[in-house]
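Chain residues, written in single-letter form:
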Amino acid sequence: MALLQIQEPGGKIAKPLHRLAVGIDLGTTNSLVSASCGGGVETIPDNGGEHLLPSVVYYQKDQPALVGSEAKALLVEDSMNTVASIKRFLGKSQSELQAEHAYLPFEFDPSRSDSSPAIMTADGSKDAVQVSADILSELVQRAETCLKGPLEGAVVTVPAYFNDAQRQQTKDAAQLAGLKVLRLLNEPTAAAVAYGLDSEDQGNVVVFDLGGGTFDVSLLSLKKGVFEVLATAGDTSLGGDDIDHIIADWLAAQMHEAGQSETLPKARLLQLANSAKHQLSTQDTVQIAAAGWTTELDNKKLKQLTSELVRRTINTCRRVLRDASLAIEDIDNVIMVGGSTRMPIVRDAVAEFFGKPPLTNIDPDKVVAVGAGIQADVLIGNKSANSFLLLDVNPLSLGIETMGELVEKIIPRNTSIPVAKAQEFTTFKDGQTVMSLHVVQGERELVADCRSLARFELREIPAMVAGAAKVRVTFQVDADGLLSVTAEETSSGKKAEIQVKPSYGLESSVIEEMLQASHENAQADMETRSIKEAQLDARQLLDAIANAIAIDGELLSEIEVQKLKGAITALENIMISGSSVEINAATEALNLVSSDFAAKRMDLHIANALRGESIDAVEKQTD
Ligand code: ADP
Ligand code: MG
């Protein structure tokens, strides 16, 4: 694999000789744009040399919106018209937002429905897609000025745990900003792309991303330029913002305790808290002065205030290791991503947990954007497609319902995508011409415990005896996590197909619950499954024998009938409450008792056939 060069930050950007595609890190707090310029990918600064664009938009009447630091400066002064952290609003309803946020500095437009909330501003109401589009437009403008040409496409990053609605609204925002989205890329994966390409390391890597509003941990395996995401976990509502709030609350309490009569607006408190937090990343103590009053905060106190939050991030690391069935010793590198990983408290906690210092040599603010830019360059065709392969995983197993309400897993959880897998199924009944396919997602053995994704039918299967038809079911998951399921009867070529979006429809908490349940119930599920399978086998044998007795009962002597009936009753009784082993034993016993009868029937049918009556005709009578 050829190594890409990364230019020095601030180095001159050469006019590119190829198609213009950018990588965009649309962050909760800060956004960035990057592009490949000649040799390497780097983030693009504004005229003042600033790479980070604060994700803040200020709306004013009859004037264009202000985006970035100018808007951020107005957050306290005019909080009603200044929108920050809009990423937290993407794909959410108004009631969800109100439940999630104790404090919202603006008002919702009462004329909008709960499912499409918008913020009232001096420039009319703005929803999350519009505000995000304004941020993206600013980045597009910056890139087009710098690259001197119109953009042909972009890779936009999203947190790994964004659900379908959140991903869709991110795409909508890009479209509104006039951008063609080449691919939505998970942020931790983008960070790994940035690191993987300029490092020859192999092994397992944890990406720890603590930004302003989201937290993601991913476990990736790197092998000769191939990345594979083994597992991911995270929290869409955890980040540096929360630390600001913790410090602001502490400040307010301190002021109250000191008998300060003057109370500061929340926005001002947050500003003071944020600035103190940043200073504590490079010094041990900070003086905070406001309204003629001064206090001191040090890292020891900050550690105490944030211990619960930091513990949550470490617990998530533990969960990811468990999901990937890896131990701490198996981790070769830990990559730090996101501005909040500059905090010594966070770095120390991560270093302590993994037993090694994390990698911080690529700027944690820029690493995601750089990875997105590299991926954009590949997707637009500037790099040969095999210069590196980028693999993602499906978070939960995908499978199909089989007889007895059991789940047959086709694509196991954490399989790298894109992927296609096929399995053959058959009919359960003689003459069955329709097969009903039920696509499910989850780790449990029973359909009832999994999530139903889609149902469809394969019709016009040629009528055959049970088990003769061959239906090939193919599951295909593309790079964006879109699943298509095809069912084809191989002798007739009859086909049916359906498309579903399995990976993104679930909240992280739901995925977590489903996994938890599968761990807890694995043992019981296996036995339930075995029992169901044993019951199915038993039922098929009982039906076949009942059928045979109805047609050829006269072949049996009274004693044989008694023996057979005894074995049938025994099986019928044990089927209701027996274990899988007991049911299988009873089925086997009945099989044995009925084998003479089966032989006699076979002789009779051959004799009939010799008399000119075909076996086919005899079999038809059994329908
Ligand atoms: P996002 O990906 O959510 O947009 P970023 O990766 O840009 O976020 O990180 C923003 C967060 O990082 C903010 O909460 C900010 O306060 C915090 N941050 C940035 N620099 C520092 C620093 N030097 N010390 C502590 N926190 C920092
Ligand atoms: Mg980020």
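Throughout this document, residue positions are counted from 1 along each chain, in the order its sequence is written. As a convention, the first chain written is A and the first ligand written is 1, with the rest following in written order. Local features in this predicted model are restricted to residues whose pLDDT is 70 or higher, and side-chain atom pairs enter the listing and the counts only when it is 80 or higher, whereas totals over whole chains, interfaces and linings include all residues. To get the side-chain values, all heavy atoms of the structure are used, and hydrogens and water are removed first.

**A short note on the packing of aromatic side chains**
For step 1, the next point in the chain: A pair of aromatic rings is counted whenever rings of Phe, Tyr or Trp (Trp by its six-membered ring) have centres within 6.5 Å, and the orientation is called stacked for planes under 30 degrees apart, edge-to-face for over 60 and tilted otherwise. In total, this model carries four aromatic pairs according to the counting rule given.
For step 2, the next point in the chain: With a centroid separation of 4.8 Å and 85° between ring planes, the pair formed by Phe-353 and Phe-354 is classed as edge-to-face.
For step 3, the next point in the chain: Of the residues examined, Phe-353 reaches a relative accessible area of 14% and is grouped as buried.
For step 4, the next point in the chain: The buried label applies to any residue whose accessible area, calculated with a 1.4 Å probe on protein chains only, is under 20% of its type's maximum; exposed applies above 50%, and partly exposed to all values in between. Note on Phe-354: relative accessible area 3%, which makes it buried.
For step 5, the next point in the chain: Through pairs of rings, three or more aromatic residues link up here, namely Phe-89, Phe-106 and Phe-108.

**Concerning the packing of helix α6 (residues 240-257) against helix α8 (residues 299-323)**
For step 1, the next point in the chain: Between α6 and α8, whose axes approach to 10 Å, the crossing angle comes to 130°. Comparing the axis directions of α6 and α8 gives the class oblique. Handedness of the crossing formed by α6 with α8: right-handed. Across the interface between the two elements, Asp-242, Ile-243, Ile-246, Ile-247 and Trp-250 from α6 touch Lys-301, Leu-302, Leu-305, Thr-306 and Leu-309 from α8.
For step 2, the next point in the chain: When its residues are assigned to classes, the contact of α6 with α8 shows seven nonpolar, one polar and two charged. For helices, the fitted line uses only the C-alpha atoms of the stretch in contact; every axis is such a line through C-alpha atoms, and the angle between N-to-C directions lies from 0 to 180 degrees. Each helix is a run of H or I in the DSSP string that is no shorter than four residues. Each strand is a run of E no shorter than two, and both are numbered from the N terminus. Note on angle classes: values under 35 degrees are labelled roughly parallel, values over 145 roughly antiparallel, values of 65 to 115 roughly perpendicular, and the remainder oblique. Crossing handedness is read from the near helix: turned anticlockwise from the far helix by less than a right angle, it gives a left-handed crossing, and turned clockwise, a right-handed one. Residues are treated as being in contact if the distance between any of their heavy atoms lies within 4.5 Å. Throughout this entry, Asp, Glu, Lys and Arg are counted as charged residues, while Ala, Val, Leu, Ile, Met, Phe, Trp, Tyr, Cys and Pro are counted as nonpolar. The remaining residues, Gly among them, count as polar.

**Notes on the environment of Ile-24**
For step 1, the next point in the chain: Positionally, Ile-24 belongs in strand β1 (residues 21-25).
For step 2, the next point in the chain: In the structure, Ile-24 is positioned 344 residues away from Val-368 in sequence and 8.3 Å away in space, judged by C-alpha atoms.
For step 3, the next point in the chain: Not counting residues up to four positions away in its chain, the partners in contact with Ile-24 are Leu-32, Val-33, Leu-136, Leu-139, Ala-154, Val-155, Val-156, Thr-157, Leu-179 and Ala-372.

**Here's the deal with the sheet that holds strand β22 (residues 419-425)**
For step 1, the next point in the chain: For two strands to be treated as a pair, DSSP must find at least two bridges joining them. One open sheet accounts for four strands, arranged β22-β25-β26-β27; its pairing is antiparallel. For this open sheet the edge positions go to β22 and β27 (495-500), each flanked by a neighbour on one side alone. The sheet shows a mean angle of 15° between the axes of neighbouring strands, direction not considered.
For step 2, the next point in the chain: Of the strand pairs in this sheet, strand β26 (residues 483-489) and β27 are connected by six bridges, and their pairing is antiparallel. Note that in β27 the partner of Leu-483 across the bridge is Val-500.

**A short note on the site of ligand 1**
For step 1, the next point in the chain: Consider each residue's heavy atoms; a residue with any of them within 4 Å of a molecule or strand counts as near. Residues in close proximity to ligand 1 total 18 residues, the closest being Thr-29, Gly-212, Lys-277, His-278 and Ser-281.
For step 2, the next point in the chain: Note that an oxygen atom of ligand 1 is positioned 2.9 Å from one of the side-chain N or O atoms of Asn-30.
For step 3, the next point in the chain: Polar contact is the term for a pair of N or O atoms within 3.5 Å; when the atoms are in protein, one must be able to donate a hydrogen and the other to accept it, and sequence-neighboring residues count only if both atoms are side-chain atoms. A distance of 3.4 Å separates an oxygen atom of ligand 1 from a polar backbone atom of Gly-213.
For step 4, the next point in the chain: Every accessible area reported is derived by Shrake-Rupley at a probe size of 1.4 Å, with residue values counting cover from the shown protein chains alone. In the complex, 91% of the free accessible area of ligand 1, which totals 580 Å², lies under the protein chains.
For step 5, the next point in the chain: Going through the elements one at a time, α6 and α7 (266-279) are the ones with two or more residues in the shell around ligand 1.
For step 6, the next point in the chain: For the shell around ligand 1, the element with the highest residue contribution is α7, accounting for three residues.
For step 7, the next point in the chain: Of the residues contributing to the shell around ligand 1, the split by class is one nonpolar, 14 polar and three charged.
For step 8, the next point in the chain: Residue ranges labeled as domains rest on an automatic or database domain assignment. Counting the residues that make up the shell around ligand 1, at least three belong to each of domain 1 (21-238 + 308-392) and domain 2 (240-307).

**With respect to the side chain of Ser-55**
For step 1, the next point in the chain: By the secondary structure assignment, Ser-55 is in the loop between β4 (53-54) and β5 (56-58).
For step 2, the next point in the chain: On the basis of relative accessibility, which here comes to 1%, the residue Ser-55 falls in the buried class.
For step 3, the next point in the chain: There is a polar contact of 2.8 Å between the side chain of Ser-55 and the backbone oxygen of Gly-27.
For step 4, the next point in the chain: In terms of polar contacts, Ser-55 uses its side chain to reach the side chain of Ser-31, at 2.8 Å.
For step 5, the next point in the chain: When residues no more than four places from it in sequence are discounted, the contact partners of Ser-55 are Gly-27, Thr-28, Thr-29, Asn-30, Ser-31, Val-83, Ala-84, Ser-85 and Ile-135.

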